Amino acid sequence: MIFPAAATEAEYKAIGQSDLLPGVAQLCQHLGLPVTQIEPFAEGSLPVFAIGQSLVLKLFPPVYGDELAVEAGVMQALEGRLSLPTPALEAAGVFGGWGYVLMERMHGMTLRRAWPHLSTVERERLGRQLGVALAELHALAPPELTPMEGLPFAGPYLEPRDWTSFVAEQRAKCVVRQKSKGLEERWLAQIPSFLDSADLTLEKPSLLHTEFMDTHVLVSQQTGDWQLSGLFDFEPAMQGAPEYDFVAFGVFISRGEAAVFRAMTEGYAYPAGDLDGLPNRVMAYTLLHVYSNVPWYLREVPAGEVTSFEELARVWFGNGKR
């Protein structure tokens, strides 16, 4: 067996990176790549390995095999289309029962690591540039996906197929989900009425990254200035409302810095007439996001003495203007 069995989540979680290295070496030989320069990355929901200085190999166990088509399809759709660099797709396929994507390696430091070293002016400048890139991404048509023989395939189109149904399904389980994460009752009781008040209508779905956050954006320092140098990790991509992508930006990049969030919306050219309702829309999608965990977000971005989702929305996703 080239790679360990991983047909279930339990089997996959029992696998360590060292268990994968022999299979990675065989895959590299199969692809004509050097086997002496394989280095695993410490972070990531899926196994990722640097192959020398110029390539990255990402593995997809069978239990998550349907995500391979999404990663490869979105990566191809974005290549050379954004002002923010994204990795070029070198190869994608199936080997030893596991899927793989071989991509160009992006260089730099994660925005999370760099953020404490940035001045206020630099943070706003990068926030504005990220807004431009996010608008460029949302302007692209969601790509048609290609199946990989031997792996699960959810279909040729990004999920969800019906945004209204997706929102309804997420709303139906929202309170239970947040309760399971440990959200206090004083917040749980407000969720139904807050979601009822939010305008979540959508005319046309956009291509979404869904995790447009500090750990997926790379920066580098050139001649004293910090520059954006990469955006990666596309297997969670979806299609839907643009504001859904503002959630991760607000919680994990601007982190309550209103000027940075405002700079992002300016770079994005978000319609001025819709700005007043934007905080509540993003807050609603924060609750409805497939990875939503409000107690964790409150630890990441403490909100002081706020007592309502409307107030929390202004702290996390407001533009600082009253």
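What you see is a predicted model; the values in this text were computed from it and never measured.

Enquirer: Would you mind going over the overall build of the chain with me for this structure?
Expert: Along the chain, the regular secondary structure elements total 14 helices and 10 strands. On C-alpha atoms alone, the chain measures out to a radius of gyration of 20 Å, which is about the 20 Å that the 2.2 N^0.38 rule sets for 322 residues. Overall, the C-alpha framework of the chain stretches about 60 × 50 × 35 Å when taken along its three principal axes. Here the chain displays about 14700 Å² of accessible surface, and carbon together with sulfur accounts for 51% of that area.

Enquirer: I keep staring at the layout of surface pockets and nothing clicks. Help me out?
Expert: To find the voids left in a structure, one rolls a probe of water-molecule size over its atoms. Volume-wise, the largest pocket comes out at about 850 Å³. Lining the largest pocket are 32 residues; nearest its centre among them are Phe41, Glu43, Thr215, His216 and Phe232. When residues of the lining of the largest pocket are traced back to their parent elements, those giving at least two are strand E3 (55-60), helix H3 (66-78), strand E5 (98-104), strand E6 (109-110) and helix H4 (111-114). For the lining of the largest pocket, the class distribution of residues is 15 nonpolar, 7 polar and 10 charged. When its volume is computed, the second largest pocket comes out at roughly 560 Å³. Lining the second largest pocket are 26 residues; nearest its centre among them are Asp66, Glu67, Glu235, Pro236 and Tyr291. Of all the secondary-structure elements, those providing two or more residues to the lining of the second largest pocket are helix H1 (9-13) and H3. With 4 residues, H3 is the single largest residue contributor to the lining of the second largest pocket. Looking at side-chain class alone, the lining of the second largest pocket contains 17 nonpolar, 3 polar and 6 charged residues.

Enquirer: Is there a simple way to think about the nonpolar core in this case?
Expert: Soluble globular proteins: nonpolar side chains tend toward being buried together. Counting residues in hydrophobic clusters, the biggest one holds 103 residues, and the most contacted among them are Leu59, Leu111, Leu130, Trp163, Phe246, Tyr285 and Trp316. Filtering out sequence-adjacent residues up to four positions away, leucine 59 remains in contact with Phe3, Leu20, Val24, Leu27, Leu46, Pro47, Phe49, Trp98, Gly99 and Tyr100.

Enquirer: What is the right way to read the pattern of salt bridges from this model?
Expert: Note that side chains of opposite charge can pair when their charged atoms are close. Scanning the model with the defined rule gives 14 salt bridges in all. Each of Lys58, Glu71, Asp233 and Glu235 takes part in salt bridges that share partners, so that together they form one network.

Enquirer: I'm lost on H3 in this one. Help?
Expert: Within an α-helix, residues lying three or four positions from one another point in the same direction, as the helix has 3.6 residues per turn. For H3, spanning 13 residues, the distance from its first C-alpha to its last is 19 Å, which sits close to the expected 18 Å at 1.5 Å a residue. With 10 of 13 residues buried, H3 is to be regarded as a mostly interior element. Looking at H3, one finds that the buried residues are Leu68, Ala69, Val70, Glu71, Ala72, Gly73, Val74, Met75, Ala77 and Leu78. Elements that come into contact with the buried residues of H3 comprise E3, strand E4 (89-95), E5, helix H5 (120-139) and strand E7 (206-208). A positive backbone phi angle near 75° is found at glycine 80, which sits one or two residues after H3.

Enquirer: So what exactly am I meant to see when it comes to the sheet that holds E3 here?
Expert: The pairing of strands in a sheet happens through backbone hydrogen bonds and is either parallel or antiparallel. One open sheet accounts for 5 strands, arranged E1-E2-E3-E5-E4; its pairing is antiparallel. Only two strands of the sheet have a single neighbouring strand rather than two, namely strand E1 (38-40) and E4. Across the sheet, the mean angle separating the axes of adjacent strands is 25° when strand polarity is ignored. The pairing of E1 with strand E2 (residues 48-51) spans 3 bridges and is antiparallel. Within E2, the residue paired with proline 40 across the bridge is phenylalanine 49. In this fold H3 packs onto E3, E4 and E5, with an angle of close to 20° to the strand it touches most, E5.

Enquirer: Just checking my understanding: could you explain the packing of aromatic side chains for this structure?
Expert: Two aromatic rings are characterised by how far apart their centres lie and by the angle between their planes. With the rule as written, the count across this model stands at 21 aromatic pairs. Ring centres 5.9 Å apart and planes at 90° place the aromatic pair phenylalanine 252 and tyrosine 297 in the edge-to-face group. In this pair, phenylalanine 252 sits in helix H10 (residues 246-254) while tyrosine 297 sits in helix H13 (residues 294-300), placing the two residues 45 residues apart along the sequence. Each member of the pair, phenylalanine 252 together with tyrosine 297, is buried. Three or more aromatic residues joined by ring pairs make a cluster, and in this case those are Phe246, Phe249, Phe252, Phe261, Tyr268, Tyr270, Trp296, Tyr297, Trp316 and Phe317.

Conventions adopted
- Residues numbered from 1 in each chain as written.
- Predicted model: local features only at pLDDT ≥ 70, side-chain atom pairs only at ≥ 80, totals over all residues.
- Heavy atoms only, no water.
- Helix = DSSP H or I, 4+ residues; strand = E, 2+ residues; numbered from the N terminus.
- Rg over C-alpha atoms; globule rule 2.2 N^0.38 Å.
- Areas by Shrake-Rupley, 256 points an atom, 1.4 Å probe, with all protein chains shown as cover.
- 1 Å grid on protein atoms, 1.4 Å probe; cavity = no way out; pocket = protein on both sides within 12 Å on 5 of 7 lines; lining within 4 Å.
- Points joined across faces, edges and corners; volume = space filled by probe spheres on them.
- Nonpolar A, V, L, I, M, F, W, Y, C, P; charged D, E, K, R; others polar.
- Core = buried A, V, L, I, M, F, W, Y, C linked by side-chain atoms within 4.5 Å.
- Buried < 20%, exposed > 50% of the residue type's maximum accessible area, 1.4 Å probe, protein only.
- Contact = heavy atoms within 4.5 Å.
- Salt bridge = Lys/Arg side-chain N within 4 Å of Asp/Glu carboxyl O.
- Expected span 1.5 Å × (residues − 1).
- Pairing = 2+ DSSP bridges.
- Axes fitted to C-alpha atoms, helices over the stretch in contact; angles between N-to-C directions.
- Phe/Tyr/Trp six-rings, centres within 6.5 Å; stacked < 30°, edge-to-face > 60°.

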